[in-house]
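One letter stands for each residue in the lines below.
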Amino acid sequence: MQPQVVTNIQLLLLALKMLGKTFRKVLRPTWITYTHKVANRPLHFNTENNMKKLVKLQNPLTMNQIDFRVQSINTGRYVTILAYKDARVDMQRLDDVVGPLGWKREHLRDNHNCVVSIFNPETNEWISKEDTGTESNAEAEKGLASDSFKRACFNWGIGRELYDYPLIKFQLSEEETVKTTAGGFRPSWKLNLKDWKWYAEWNADGKVSYLGCRDTNDQVRFTWGESKAQKTKRRITEAEAKK
């Protein structure tokens, strides 16, 4: 009789253990969702460690992480330059801040939408942000996936300061342009923006306060705002003028 009693007790304990696992799997996600809805704020990212990660994600991109390309050239040879980020910049920022195993991307609606999720080990859940992209002129499908991914990363704050960049517009020389059959202009091979030196400064809010660039001949081609050096020089001049 005794061995049979032990066996029954063991079976009962095993059944309770399995029931406990099932109970946790079923109810834990429901509890997390319920807490999030009631609080109406991201409680799961409200810890000091997670807030530090968010700040690092949202730090302004450096100049070597930003690309500049020609958006358009008008009939007066004035060029409009667009500042943008490459998808590899987003991947590197995510790897650096949360680790390669701490984030994932999923594409929906034939790559039109991208969901970028970051894992929160404190609550054992994925936090997701989603956005929609547009096709590129070169490779439609690949460009669509890349654009939707970059836009989803904007939602996490990566490179969001690019939206606050000033209008970059200046006149090109004759040798930097080629006339088109339609009477307009396109960039010549002598206009290589990747070899230009770009410099930027940001304010306490992470928004650009000064932007400038020099071409391959070290000539200043564009400036916007007032740099820290210029501001210091101006204040010294103003102080001396008051003496």
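Thresholds, definitions, all that
- Residues numbered from 1 in each chain as written.
- Predicted model: local features only at pLDDT ≥ 70, side-chain atom pairs only at ≥ 80, totals over all residues.
- Heavy atoms only, no water.
- Helix = DSSP H or I, 4+ residues; strand = E, 2+ residues; numbered from the N terminus.
- Pairing = 2+ DSSP bridges.
- Axes fitted to C-alpha atoms, helices over the stretch in contact; angles between N-to-C directions.
- Disulfide = S-S within 2.5 Å.
- Buried < 20%, exposed > 50% of the residue type's maximum accessible area, 1.4 Å probe, protein only.
- Expected span 1.5 Å × (residues − 1).
- Arc of directions from axis to C-beta.

**Q** Kindly report on unusual backbone geometry, identifying the contributing residues and their values.
**A** The backbone of N124 shows a phi angle near 60°, a positive value even though the residue is not glycine. Even without glycine at this site, D218 takes up a positive phi of about 65°. Along the chain, D218 falls in the loop between β10 (208-214) and β11 (220-225).

**Q** Describe the sheet that holds strand β6 (residues 168-171), naming the residues involved and giving the relevant values.
**A** Taking strand neighbours across the sheet as the criterion, the three strands line up as β1-β2-β6 in an open arrangement whose pairing is antiparallel. Each edge of the open sheet carries a strand with a single partner, namely β1 (66-73) and β6. Strand after strand, the sheet turns through a mean of 35° between neighbouring axes, direction not considered. Note: strand β2 (residues 78-85) against β6, four bridges, orientation antiparallel.

**Q** Describe in detail the sheet that holds β11, supporting the description with residues and values.
**A** One open sheet accounts for three strands, arranged β9-β10-β11; its pairing is antiparallel. The sheet terminates laterally at β9 (197-202) and β11, the two strands that pair on one side only. Taken pair by pair, the neighbouring strands of this sheet meet at an average axis angle of 10°, ignoring direction. For β10 and β11, the ladder comprises five bridges, and the chain directions are antiparallel. Along β11, the bridge assignment pairs L211 with W224.

**Q** I'd like to hear about the state of the cysteines, residue by residue, with values.
**A** All told, the structure shown has zero disulfides when counted by the stated rule. The thiol of C153 is not disulfide-bonded; the next cysteine sulfur, from C114, is found 6.9 Å away. You can call C153 buried: its relative accessible area is 0%.

**Q** Before we move on, could you go through helix α3 (residues 87-98) and cite the residues and values that matter?
**A** When the terminal C-alpha atoms of α3 are compared, their 17 Å separation across twelve residues agrees well with the 16 Å that a helix rising 1.5 Å per residue should span. Within α3, burial applies to A87, V89, D90, R93, L94, V97 and V98. Buried residues of α3, seen end-on, are gathered within an arc of 155° and therefore sit on one face of the element. Counted as exposed and oriented over 90 degrees from the buried face of α3: R88 and D96. Backbone geometry just downstream of α3 places G99 in the positive-phi region, at approximately 90°.

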